[in-house]
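Residues per chain, in single letters:
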2 protein chains.
Amino acid sequence: MNDLLEKVKEGNDRAIARVITLIENSDKAAHTAVSALYPSTGQAHIIGITGPPGSGKSTLVNELAKRFSADGERVAIIAIDPSSPFTGGALLGDRVRMQELAGQDGIFIRSMASRGSLGGLASATSAVIKVFDAAKFGIILVETVGVGQAEVDIARAAHTTVVVEAPGMGDDIQTSKAGILEIADILVVNKSDRPEALRTVKALEMMLHMGQAADIGHHGQLAQREQSLETNPQGWQVEVLQTVAIEGEGIRELAEGIRAHKAFLLSSSEWAQRENQRVRSELERMLQDRFMTQFLHKIPKGSRAHLVSAVVNREIDLYTAVDRLFKQFSE
Amino acid sequence: MNDLLEKVKEGNDRAIARVITLIENSDKAAHTAVSALYPSTGQAHIIGITGPPGSGKSTLVNELAKRFSADGERVAIIAIDPSSPFTGGALLGDRVRMQELAGQDGIFIRSMASRGSLGGLASATSAVIKVFDAAKFGIILVETVGVGQAEVDIARAAHTTVVVEAPGMGDDIQTSKAGILEIADILVVNKSDRPEALRTVKALEMMLHMGQAADIGHHGQLAQREQSLETNPQGWQVEVLQTVAIEGEGIRELAEGIRAHKAFLLSSSEWAQRENQRVRSELERMLQDRFMTQFLHKIPKGSRAHLVSAVVNREIDLYTAVDRLFKQFSE
């Protein structure tokens, strides 16, 4: 393993692939790898790319990877596929995409479809990001499918979050949309050769505008945001960019936008803040994993099953069951 | 509070609304409410409805609620909006929908947009389901936006999961789609008056067919599924239904499909299995919440912040930090 990790730090592709597989299959391997590689991390620009199915996100990510690669960057793509451990569908998609990127030097694509023993996709993703970071990939593109809570969380762990839409998708009253816009550092309307594209751009710009207006009266996360806007009076202006990924159009501008966002983060206190936030949430998640591992180890399977049955049969309620389990654990 | 909970059990709308608000704002209230109401739960048919934005899901849910209501059921809608605590966008959407359902006796709609102290949407949703269940709502529709991991998890907590698509959305190679199809008990192509509808139906049917073929060679969750298919040789045949929710078309057939699924669950061992699975995952989540609460209480804020800084500065790695924190907690 140590030999393998040394090779990872040298950027050896086969070593990287093997370590990722080990990480996916074993907590212990993840522990060893992340501990050993951690001092070598912290250089990569982590970019989250999210958006609904059908927005052409994968093509966009591929094109963006090629663009960064052509500019001399080593690029890793982590394609998160939260819901297909079952069918192996990810493998098919992966093969198609790998073919597309074959021969592109310095682009490494890895799809995370399985939920291994690491206790969830978020943990595995975070460990794999560290592998690429230590292997001196300057750009790590984390692509998430969908627009759910997990996607929001993974995107929050990135330095720069790009939200991709397609024409016609942002036109209804969509309560979810407002939330996803809040996490976007850059908005992209892909498939912008379609006639409805401009309308979607306008709709998104309007929602952005409304969001900024709403900032003023709010508290909590928004108060924090206001604060950071105060320390950096210019703030960051979220832009709506247009692309036709399949034709390679607008990709250069998007790459420039992403670089500009990085420059903004570094010149303000935002980079440090985001690093801090990421570490905090990673520690919290890992602590929970640790707790569950210890818990499953300590409380016999039979007594857990017994309690589950009692709850199902309404003999005791959930909270009483949790009280008992937690007490057993703490003894 | 006790008085309020008694009124909940009598089905008093204002008491229900107040208890839900209390639950959203306080762990302690959730504890009290769920403990008190739990023995009265277990009667409701919990139906998860999920699908991408733009599929017309909300309209479909409204129409379905009206249908069930017309058939004499008390219906609750829980509209999950994971990502808009920020802008208050959900409130707007809610008001529009409430107007739409105003005057419909026995339909209660509640949108869950905030992430209160309950430590996450999943916990809050689960508590609110129990309130409606105890208040003798026979049908609880849980509507999730998006197609992410959180949505899959929430859908898994339902007895019956309906996945909604719109024409043209299932035509690309979408690795995520296969996974979301796996959780569907019923598939719906809404907006089926569009010309591409039939093609989407065919595409989904093909994916379903492929999924069933894939079942044979797999393990884990699929092995479990095979097993349950063996104990009930007929199994459950996932159907693709077509609706035009905005015109009320196909809603009756969907309601019938949902009832047929319930009948299947009850006649097989599946209902008990799903109840068991739900309780297990709820207990696990509540245990984690309990642990984190205890942890935050026990480890001073300063020493946590100190450790986060050390990790950010690469003085120690994440795993070492977790080791220390967990040790401090266990002492």
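Criteria and thresholds
Residues numbered from 1 in each chain as written. Chains lettered and ligands numbered in written order. Predicted model: local features only at pLDDT ≥ 70, side-chain atom pairs only at ≥ 80, totals over all residues. Helix = DSSP H or I, 4+ residues; strand = E, 2+ residues; numbered from the N terminus. Buried ≥ 20, exposed ≤ 12 C-beta atoms within 10 Å, placed from the backbone. Contact = placed C-beta atoms within 7 Å. Expected span 1.5 Å × (residues − 1). Axes fitted to C-alpha atoms, helices over the stretch in contact; angles between N-to-C directions. Parallel < 35°, antiparallel > 145°, perpendicular 65-115°, else oblique. Nonpolar A, V, L, I, M, F, W, Y, C, P; charged D, E, K, R; others polar. pLDDT = per-residue confidence, 0-100. Pairing = 2+ DSSP bridges. Core = buried A, V, L, I, M, F, W, Y, C linked by C-beta atoms within 7 Å.

**What about the overall build of chain A?**
Right, so step 1: Helix and strand counts for chain A come out as 14 helices and 7 strands.
Right, so step 2: For chain A, the proportion of its 331 residues judged to be buried stands at 48%.
Right, so step 3: Of the contacts formed within chain A by residues at least 6 apart in sequence, a portion of 78% connects residues at least 24 apart.

**Quick word on helix α13 (residues 301–312) of chain B**
Right, so step 1: Between its first and last C-alpha, α13(B) extends 17 Å over 12 residues, near the 16 Å set by a 1.5 Å rise per residue.
Right, so step 2: At the exit of α13(B) stands R314(B), carrying a positive phi of roughly 60°.

**Quick notes on the packing of helix α4 (residues 57–70) of chain A against helix α11 (residues 251–267) of chain A**
Residue and element names in this part refer to chain A.
Right, so step 1: Where α4 contacts α11, the axes come no closer than 9 Å and their chain directions differ by 70°. Overall, the two elements α4 and α11 adopt an arrangement that is roughly perpendicular. Across the interface between the two elements, E63, L64, R67 and F68 from α4 touch I251, R252, L254 and A255 from α11.
Right, so step 2: Along the lines of polarity and charge, the residues of the contact of α4 with α11 split into 5 nonpolar, no polar and 3 charged.

**Description of the confidence of the model for chain A**
All names here are of chain A.
Right, so step 1: When pLDDT is averaged across chain A, the result is 81; 76% of the residues are at 70 or more.
Right, so step 2: No element of chain A has a lower mean pLDDT than helix α10 (residues 221–231), at 40, and none a higher one than α11, at 97.
Right, so step 3: A low-confidence stretch, residues 83–92 stays under pLDDT 50, and its non-local contacts, those more than four residues away or across chains, total 34 contacts.
Right, so step 4: This model gives residues 170–176 a pLDDT under 50, and the stretch forms 25 contacts once residues within four places in sequence are excluded.
Right, so step 5: Quick note on the complex model: pTM equals 0.74, ipTM equals 0.79.

**A short note on the packing of helix α3 (residues 27–37) of chain A against helix α14 (residues 318–330) of chain B**
Right, so step 1: Two numbers describe how α3(A) lies on α14(B): the axes approach to 7 Å, and their chain directions differ by 115°. Comparing their axes, α14(B) and α3(A) come out roughly perpendicular. Of the residues in α14(B), those touching α3(A) at H31(A), V34(A) and S35(A) are L318(B), Y319(B) and T320(B).

**Thoughts on α3(A)**
Right, so step 1: Of the residues making up α3(A), those classed as buried are A29(A), A30(A), H31(A), A33(A), V34(A), A36(A) and L37(A).
Right, so step 2: For α3(A), the secondary structure elements touched by its buried residues are α1 (2–9), α2 (13–25) and α6 (121–134) of chain A together with α14 of chain B.

**Structural notes on the pairing of strand β1 (residues 45–51) of chain A**
All names here are of chain A.
Right, so step 1: Most of β1 sits inside the fold, with 7 of its 7 residues counted as buried.
Right, so step 2: Of the two faces of β1, both are covered, the one formed by H45, I47, I49 and G51 as well as the one formed by I46, G48 and T50.
Right, so step 3: Both β1 and strand β5 (residues 160–165) contribute to a ladder of 4 bridges, which runs parallel. In the sheet register, G48 faces β5, and the bridge partner there is T161.

**A closer look at unusual backbone geometry**
The phi angle of most residues is negative, glycine excepted, and most peptide bonds adopt the trans form.
Right, so step 1: Unusually for a residue other than glycine, R314(A) sits at a positive phi of about 60°.
Right, so step 2: Take R314(A): it is sitting in the loop between α13 (301–312) and α14 (318–330).
Right, so step 3: With 12 C-beta atoms packed within 10 Å, R314(A) lands in the exposed category.
Right, so step 4: One non-glycine residue, K136(B), adopts positive backbone phi at about 65°.
Right, so step 5: Secondary-structure assignment places K136(B) in the loop between α6 (121–134) and β4 (139–145).

**Some remarks on the environment of V34(A)**
Right, so step 1: Here V34(A) is to be found in helix α3.
Right, so step 2: On a C-alpha basis, the gap between V34(A) and E249(A) in space is 38 Å, while along the polypeptide they are 215 residues apart.
Right, so step 3: What V34(A) contacts, discounting residues up to four positions off in sequence, is A127(A), K130(A), D317(B), L318(B) and Y319(B).

**A few points about the nonpolar core**
For soluble globular proteins, nonpolar side chains are generally found buried alongside one another.
Right, so step 1: Counting 159 residues, the largest nonpolar core has V131(A), I140(A), L141(A), V131(B), I140(B) and L141(B) as the members making the most contacts within it.
Right, so step 2: If near-sequence neighbours (up to four positions away) are discounted, I140(B) is found in contact with A44(B), I46(B), I47(B), A76(B), I78(B), I129(B), F132(B) and D133(B).

**Observations concerning the environment of G11(A)**
Right, so step 1: Looking at where G11(A) falls in the secondary structure, it is placed in the loop between α1 and α2.
Right, so step 2: Those residues in contact with G11(A) that sit more than four places away from it in its chain are A135(A) and K136(A).

**As for the environment of A127(A)**
Right, so step 1: The topology assignment puts A127(A) in helix α6.
Right, so step 2: Taking C-alpha positions, A127(A) is 18 Å from I49(A), a pair spaced 78 residues apart along the chain.

**Focus: the pairing of strand β2 (residues 75–80) of chain B**
Right, so step 1: For β2(B), the buried fraction is high: 6 of the 6 residues fall into the buried class.
Right, so step 2: The two faces of β2(B) match: V75(B), I77(B) and A79(B) on one face and A76(B), I78(B) and I80(B) on the other face are all buried.

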